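Close look at the chain arrangement
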Amino acid sequence: MSLPVRADDESALRRALALAAEAGAAGEIPVGAVVRDAAGTVIGVGRNRREATADPTAHAEMVALREAAASLGSWNLEGCTLAVTLEPCLMCAGAILQAHISRVVFGAWDEKAGAAGSVYDVLRDRRLPVRAEVVGGILDPPETHEIEPEIGRRHRVARQEPHVVRARRPRLLRYADQAYGRR
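Below is a summary of the structure that appears in this document. On a predicted model such as this, the values are computed, not experimentally measured, just so you know. (Residues numbered from 1 in each chain as written. Predicted model: local features only at pLDDT ≥ 70, side-chain atom pairs only at ≥ 80, totals over all residues. Heavy atoms only, no water.)

A short note on a nonpolar patch on the surface
- Together, Leu90, Val119 and Tyr120 make up a nonpolar patch on the protein surface, roughly 260 Å² of accessible area in all.
- Tracing the chain through its elements places Leu90 in helix H4 (residues 90-98).
- Judged by its relative accessible area of 43%, Leu90 falls in the partly exposed class. (Patch = residues over 30% accessible without salt bridge, like charges linked within 9 Å, V, L, I, M, F, W, Y side chains within 5 Å. Areas by Shrake-Rupley, 256 points an atom, 1.4 Å probe, with all protein chains shown as cover. Salt bridge = Lys/Arg side-chain N within 4 Å of Asp/Glu carboxyl O. Helix = DSSP H or I, 4+ residues; strand = E, 2+ residues; numbered from the N terminus. Buried < 20%, exposed > 50% of the residue type's maximum accessible area, 1.4 Å probe, protein only.)

Right, dumping it as structure tokens:
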């Protein structure tokens, strides 16, 4: 079942696309986000700023949520809508739920790390005490294709310098292995 897209969702997403373009021009992954209150007034905007701030949490959604909370003087953003160009990741989905955002609208699915329905569905997980309404994939295909190749290119550049992380068994399993003579 597809949820309806509102006219103000599309206008907020257009503004988020402009922010994403700014992020891309600044050498960031091109993602933009806009938070609107229940009346439709924009109370927070953000774009990716991880490279500029050397902050791993400076995703567009996080920046917009911080600005919206400061604007309202409260962490509780119940009744607000977040419009973002790309499906939120796990970190951002957690922050969205912690802020009690009521509705999330995004333009393009993130088949690699999305946490609003593609890879994970954190925002609508019935096991959690807070959930958000999710309307996803509302960008037209040409607009989606402007975002996705740039994200993929930046991920490929980041992977050119491989690093090896040796996985370790959890301590309890290592002790059990020692006790039974396994390696």
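Picking up after the structure, the text goes on.
Notes on the state of the cysteines
- Applying the stated criterion to the full structure yields 0 disulfides.
- The structure places no disulfide on Cys89, whose sulfur is separated from the nearest cysteine sulfur, that of Cys92, by 3.7 Å.
- Owing to a relative accessible area of 16%, Cys89 belongs among the buried residues under this scheme.
- Judged by relative accessible area, which is 0%, Cys92 ranks as buried. (Disulfide = S-S within 2.5 Å.)

Observations regarding the packing of helix H3 (residues 60-72) against H4
- Running from amino to carboxyl end, H3 crosses H4 at an angle of 20 degrees, the nearest separation of the two axes being 9 Å. By the angle between their axes, H3 is roughly parallel relative to H4. Along this stretch, H3 crosses H4, giving a crossing that reads as left-handed. For the pair formed by H3 and H4, the contact residues are Glu61, Met62 and Leu65 on the first element and Met91, Cys92, Ala95 and Ile96 on the second.
- Its residues assigned to classes, the contact of H3 with H4 comprises 6 nonpolar, no polar and 1 charged. (Axes fitted to C-alpha atoms, helices over the stretch in contact; angles between N-to-C directions. Parallel < 35°, antiparallel > 145°, perpendicular 65-115°, else oblique. Left-handed = near helix turned anticlockwise from the far one by under 90°. Contact = heavy atoms within 4.5 Å. Nonpolar A, V, L, I, M, F, W, Y, C, P; charged D, E, K, R; others polar.)

A short note on the sheet that holds strand E5 (residues 133-135)
- Judged by pairing direction, the sheet is mixed, and its 5 strands sit side by side in the order E2-E1-E3-E4-E5 without closing on themselves. Both edges of this open sheet fall to strand E2 (42-47) and E5, since each of them pairs with a single strand only. With strand direction ignored, the average angle separating the axes of adjacent strands in the sheet is 15 degrees.
- As paired strands, strand E1 (residues 32-36) and strand E3 (residues 81-86) are joined by 4 bridges and run antiparallel to one another. Considered in E3, the bridge of Arg36 is made with Thr81. (Pairing = 2+ DSSP bridges.)

Re helix H1 (residues 7-25)
- For H1, built from 19 residues, the straight-helix expectation of 27 Å at 1.5 Å per residue is met to within 8% by its first-to-last C-alpha distance of 28 Å.
- When we look at burial in H1, the residues that qualify are Asp9, Ala12, Leu13, Ala16, Leu17, Leu19, Ala20 and Ala23.
- Remark: Gly27 follows H1 within two positions and exhibits a positive phi of approximately 85 degrees. (Expected span 1.5 Å × (residues − 1).)

Some points on the environment of Ile101
- Relative to the assigned elements, Ile101 resides in the loop between H4 and strand E4 (103-108).
- Spatially, the C-alpha atom of Ile101 lies 7.8 Å from that of Asn76, the residues being 25 residues apart in sequence.
- In this view, Ile101 contacts Val35, Leu65, Leu77, Cys80, Leu82, Ile96, Arg131 and Ala132; residues no more than four positions away in its chain are not counted.

Some thoughts on the packing of aromatic side chains
- Under the defined criterion, the tally for this structure stands at 1 aromatic pair.
- Taking the centre distance of 4.8 Å and the plane angle of 90 degrees together, the rings of Phe106 and Trp109 count as edge-to-face.
- Overall, the relative accessible area of 0% leaves Phe106 in the buried class. (Phe/Tyr/Trp six-rings, centres within 6.5 Å; stacked < 30°, edge-to-face > 60°.)

Some remarks on the side chain of Asp125
- Along the chain, Asp125 turns up in the loop between E4 and E5.
- A polar contact of 2.7 Å, which involves the side chain of Asp125, links it to the side chain of Arg127. (Polar contact = N/O pair within 3.5 Å; in protein donor to acceptor, adjacent residues only side chain to side chain.)

Focus on unusual backbone geometry
- One non-glycine residue, Ala54, lies in positive phi territory at about 55 degrees.
- Its identity is not glycine, yet His100 carries a phi of approximately 60 degrees, on the positive side.
- For His100, the location among the structural elements is in the loop between H4 and E4.

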